[in-house]
Amino acid sequence: MYPNQNLDSMLWKDFLEGSESALSKIYLNNVNDLFAFGCKFTVDKALVKDCIQELFVTLIQTRTRLSETNNVKGYLFTAIKRMIIREMVRSSKLENILESGDYRFEIGFENIDPVEFENDNYSKKILAVRSAIESLTSRQKEALYLKFYFGLSHKEIAEILHLEEQSSRSLISRAIQKVRSVLKSDKKRISKILFVVFARHS
Amino acid sequence: MSYLPGIPNFQQKTALQYKNFRYKTIYIFAMLVLWLYRLQKMGKYSTYTSTDFLNEETFIRWRLKSDKEAVKFWENFVKKYPDKQEEVNEAIEIFNHFNFAHEELTLDEIFTIWNNVKHHSEKKRNGGFAILKYAAIFILVFATGALSYYFYSSSQSNEFTIAETTPVNFNEAQVILPGGKSVPLRSKDSEIRYDATGEKVIIDNDTISQQPNQVKSEMNRVIIPYGKSSQLTLSDGTKVWLNAGSQLMYPSVFSSKQREVLLIGEAFFEVVKNETSPFIVRTDQADVEVLGTRFDVSAYPDDKIFQTVLVSGSVSVETRKEGMLGRKDKKVLEPNQMYSLDKQSGVNYVHRVDVEIYTSWKEGMFNCDKQDLNRVVRKLERYYNKKIHIKDPMLGSYKISGKLDLKNDISDVLDVIQAFVPIDWGKQKNGDYFIVKPN
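Remember, predicted model here, so these are calculated numbers, not experimental data.

Tell me about the overall build of chain A, residues and numbers included.
Looking only at helices and strands, one finds eleven helices and zero strands in chain A. Starting at the N terminus and walking to the C terminus, you meet the elements of chain A as α-α-α-α-α-α-α-α-α-α-α. By the burial criterion, 54% of the 202 residues in chain A qualify as buried. Contacts spanning at least 24 positions in sequence make up 65% of the contacts within chain A whose residues lie at least 6 apart. If you sum the accessible surface of chain A, you get close to 9,600 Å²; carbon and sulfur atoms cover 51% of it.

Describe the pattern of salt bridges, naming the residues involved and giving the relevant values.
Any two side chains of opposite charge can pair, on the condition that their charged atoms come close. Residues and elements named next belong to chain B. For the structure shown, the criterion picks out 15 salt bridges over all chains. Here K399 makes a salt bridge to D372, at a shortest N to O gap of 2.5 Å. With K399 in strand β23 (residues 399–405) and D372 in strand β21 (residues 365–372), this pair connects stretches of sequence that are 27 residues apart. Of the residues examined, K399 reaches a relative accessible area of 52% and is grouped as exposed. For E381, the salt bridge goes to R378, with nearest N and O atoms at 2.5 Å. Pair noted here: E381 and R378 are both in helix α11 (residues 373–384), with a separation of three residues, about one helical turn.

Describe the sheet that holds strand β25 (residues 433–436) of chain B, with residues and values.
All names here are of chain B. If you walk across this open sheet you meet the three strands as β22-β25-β24, and the pairing is mixed. Each edge of the open sheet carries a strand with a single partner, namely β22 (388–390) and β24 (424–427). Put simply, the sheet's adjacent strands are angled 20° from each other on average, direction ignored. Relative to β25, β24 runs antiparallel, the two being bridged by four bridges. Within the sheet, the bridge partner assigned to K427 lies in β25 and is Y433. Against the sheet, α11 makes contact with β22 and β25, and its axis sits at roughly 165° relative to β22, the strand it touches most. Of the strands in this sheet, β22, β24 and β25 are in contact with helix α12 (residues 410–420), which crosses β24 at around 165°.

Outline the environment of Y81 of chain B, supporting the account with residue identities and numerical values.
Residue and element names in this part refer to chain B. Counting through the fold element by element, Y81 comes out in the loop between α4 (68–80) and α5 (85–97). Owing to a relative accessible area of 10%, Y81 belongs among the buried residues under this scheme. Taking the C-alpha atoms as reference points, Y81 and S46, separated by 35 residues in sequence, lie 9.0 Å from one another.

How would you summarise the packing of aromatic side chains if you had to cite specific residues and measurements?
Going through the model one piece at a time under the given rule, you end up with 37 aromatic pairs over all chains. Here the aromatic rings of F77 of chain A and F150 of chain A are separated by 5.0 Å at their centres, their planes lie at 80°, and the arrangement is edge-to-face. Of this pair, F77 of chain A sits in helix α4 (residues 72–92) while F150 of chain A is found in helix α8 (residues 138–150), placing the two residues 73 residues apart along the sequence. Judged by relative accessible area, F150 of chain A falls into the buried class, the value being 1%. Between F306 of chain B and Y339 of chain B, the ring centres sit 6.2 Å apart and the planes meet at 75°, which makes this aromatic pair edge-to-face. Remark: Y339 of chain B occurs in strand β19 (residues 337–342) and F306 of chain B occurs in strand β16 (residues 305–312); sequence separation between them is 33 residues.

Talk me through unusual backbone geometry; I want residue IDs and the actual numbers.
Unlike most non-glycine residues, H162 of chain A shows phi in positive territory, near 60°. Summarising the element assignment, H162 of chain A is placed in the loop between α9 (154–161) and α10 (165–187). The exposure class assigned to H162 of chain A is partly exposed, which follows from its relative accessible area of 38%. Of note in the backbone geometry, N385 of chain B takes a positive phi value of approximately 55° without being a glycine. Mapped onto the secondary structure, N385 of chain B falls in the loop between α11 and β22.

Before we move on, could you go through the interface of chain B and chain A and cite the residues and values that matter?
Contacts between chain B and chain A engage 50 residues on the former and 57 residues on the latter. Counting the surface lost from both chain B and chain A, the interface buries some 5,300 Å², and carbon and sulfur atoms represent 61% of this. Interface area lost by chain B to chain A is led by H97, F98 and F100 of chain B, which between them contribute 14%. Summed over the shared surface of chain B and chain A, the number is two salt bridges. Between R180 of chain A and E90 of chain B there is a salt bridge; the shortest N-O distance is 2.5 Å.

Requested: an account of the pairing of strand β5 (residues 189–194) of chain B, with residues and values cited.
Residue and element names in this part refer to chain B. Only one face of β5 is buried: it carries S190, I192 and Y194, and the other face, with D189, E191 and R193, is open. Alignment of β5 against strand β9 (residues 229–233), held across five bridges, turns out to be parallel. Residue D189 lies in a different strand from β9, and its bridge partner there is S229. The turn linking β5 back onto strand β6 (residues 200–203) is made up of five residues, and G198 within it adopts a positive phi angle of 80°.

Report on the environment of R352 of chain B, specifying residues and quantitative values.
Residue and element names in this part refer to chain B. The residue R352 is located in strand β20 (residues 348–352) in this model. Once the C-alpha coordinates of R352 and P335 are considered, the two residues, 17 residues apart in sequence, prove to be 8.6 Å apart. If we ignore the near neighbours within four places in the chain, the residues touching R352 are P335, N336 and Q337.

Before we move on, can you summarise helix α1 (residues 5–16) of chain A with the specific residues and values?
One turn of an α-helix holds 3.6 residues; hence residues three or four places apart share an orientation. Residue and element names in this part refer to chain A. Along its twelve residues, α1 runs 16 Å from first to last C-alpha, staying within 8% of the 16 Å computed at 1.5 Å per residue. Along α1, the residues classified as buried are Q5, L7, D8, S9, L11, W12, F15 and L16. Phi turns positive one or two residues past the end of α1, at G18, with a value near 115°.

If you had to explain the nonpolar core to someone new, which residues and values would you point to?
Of all hydrophobic cores here, the largest spans 85 residues; its most connected members are I52 and F56 of chain A. Top element by residues in this core is helix α2 (residues 20–38) of chain A. It accounts for ten residues. Contact partners of I52 of chain A, with chain neighbours within four places excluded, come to Y27, V31, L34, F35 and I80 of chain A together with I113 of chain B.

Explain a nonpolar patch on the surface to me, using residue names and the numbers behind them.
Residues and elements named next belong to chain B. There is a patch of nonpolar side chains on the surface, built from F29, L32, V33, W35 and L36 and spanning about 540 Å² of accessible area. Topologically, V33 is positioned in helix α1 (residues 17–42). Judged by relative accessible area, which is 42%, V33 ranks as partly exposed.

Please give an account of the pairing of strand β14 (residues 286–290) of chain B that cites residues and values.
Residue and element names in this part refer to chain B. Of all five residues in β14, four are buried, a share of seventy percent or more. With four bridges joining them, strand β13 (residues 279–282) and β14 adopt antiparallel strand pairing. The residue of β14 that forms the bridge with F279 is V290. Between the end of β13 and the start of β14, which pair antiparallel, lie three residues. The sheet contact formed by β14 and strand β17 (residues 315–319) spans five bridges and is antiparallel. From the neighbouring strand, V288 faces β17, where its bridge partner is V317.

What counts, and at which threshold
Residues numbered from 1 in each chain as written. Chains lettered and ligands numbered in written order. Predicted model: local features only at pLDDT ≥ 70, side-chain atom pairs only at ≥ 80, totals over all residues. Heavy atoms only, no water. Helix = DSSP H or I, 4+ residues; strand = E, 2+ residues; numbered from the N terminus. Buried < 20%, exposed > 50% of the residue type's maximum accessible area, 1.4 Å probe, protein only. Contact = heavy atoms within 4.5 Å. Areas by Shrake-Rupley, 256 points an atom, 1.4 Å probe, with all protein chains shown as cover. Salt bridge = Lys/Arg side-chain N within 4 Å of Asp/Glu carboxyl O. Pairing = 2+ DSSP bridges. Axes fitted to C-alpha atoms, helices over the stretch in contact; angles between N-to-C directions. Phe/Tyr/Trp six-rings, centres within 6.5 Å; stacked < 30°, edge-to-face > 60°. Buried area = accessible area lost by both parts, 1.4 Å probe. Expected span 1.5 Å × (residues − 1). Core = buried A, V, L, I, M, F, W, Y, C linked by side-chain atoms within 4.5 Å. Patch = residues over 30% accessible without salt bridge, like charges linked within 9 Å, V, L, I, M, F, W, Y side chains within 5 Å.

This is how it looks when you write it as structure tokens:
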């Protein structure tokens, strides 16, 4: 459940029955999230905007072939990701990276408050955690982003990642464990090695 | 061992001691049941680690503050089970490290993409739905999810709608009336006035009548490019001065419950008092709500800061940082105070200012008090619709105080600035101006 989920589902139903103003509301509810999500795959913002445009044009044109869904955001996310990656593949001649997860996902952080940054221990810790997050696989980063930023469920994330629900669940758990181990090592330096080993094997 | 409240002290009479013992037993039994119940309820959470908490969907919704039920549940949980505190705290700490950067579209971009969608989908259908083009109503105003949500939840009938028009030329001063008719504004300082019914619009002495049935639901839109300004009188008598490079969207007649307008850019408002119908200025960063008062709102998309300055009365400002992150913030201003919001960090503050400095633009004057040359130059660019390049970034931080008369030519104004700070200025071949260090 994300905020507006029920509203989106109702609007989606109206859209399937032919209401384009319902689609314009769905667009407004989701366009900024789609843009934010899309920008994690590429630095080419124009490409992301083009894909959003193409996505909604396609929705209008194929309306009669679409079916009902109670997860509009998930549906749109899956579609926009597929479109962006398809465009990137087209220009770089890579293949099948959608299924293999062999694409780039740049998580991107907010800038650290310069006042807090002055605190050496604090900033060291943040940077350590951030580098741990950066070192996760693209799929892990994508899953955590969908989970922690948009609050999507395991099932919804699994669909976007082309995975079984159980696999996406363990993917996320492993990623969290890894970040946790960095935090723990900061607290208890003695057991540092132990946790790294633990993180590797879990 | 404590007693149940409301049970008298029986210890003086031995006959009652037996009864007392029974109460004790009942009490212990009750506590046991309660404990078992709690344990069962806590059940799966009793062995939870921070990772497990983070995997829990409602836990994330609590941190995102996107679900009232979840917030209530977990706040209660933390209070009830202090022994889980450490794991919960750790989960929160991990969560907080995921401080994602977030790309956002501007209102204009959101509008443009949707216009393109409409255009492309219609072209490919060979105009079969041509009627829809006029019937299709686009809610431009609610640029963000949180914003549109607000409207659906408050009242279905209160939708802000604007007739879609052929792509708008933002470089031409114009009024777009409900139904899509565009009326150009030719003078440099145009005047637009709506009568109380919203059916008559007077634009620089020309009167335009609107169809009463169009008046109600759809929005008017005024576009003022750089180098021009405009004064409007809305149907309720409220006066609005629109600064250069701004847009205002508003209905011909306001609904009885509230009066709402959307602003991109800067405007000064003189709102007619109406206790039963608050006046709300919506921008992409924050909403400013008033009953009746005089104030200035500056919300240029390319500025780093959103500002509102109160001259008299009272206003409240509510930020619009998506409800998802729960960063909404509400401040109430007193006269002579300014609210500033740093768009990137979301940090806002209120302080006392000389309101004259921020509102004199409507009289064609530009006051500044220790303002960066950078910011002053941005304002001049907008006002004169000319590019001014500051060649040396160090120059941009010169502080400028004083009064500039914008009725003068741009070169006169630059001369005045030159008299105060050590700069040289000149004009390039392409018509742009530049500012350099003096030799």
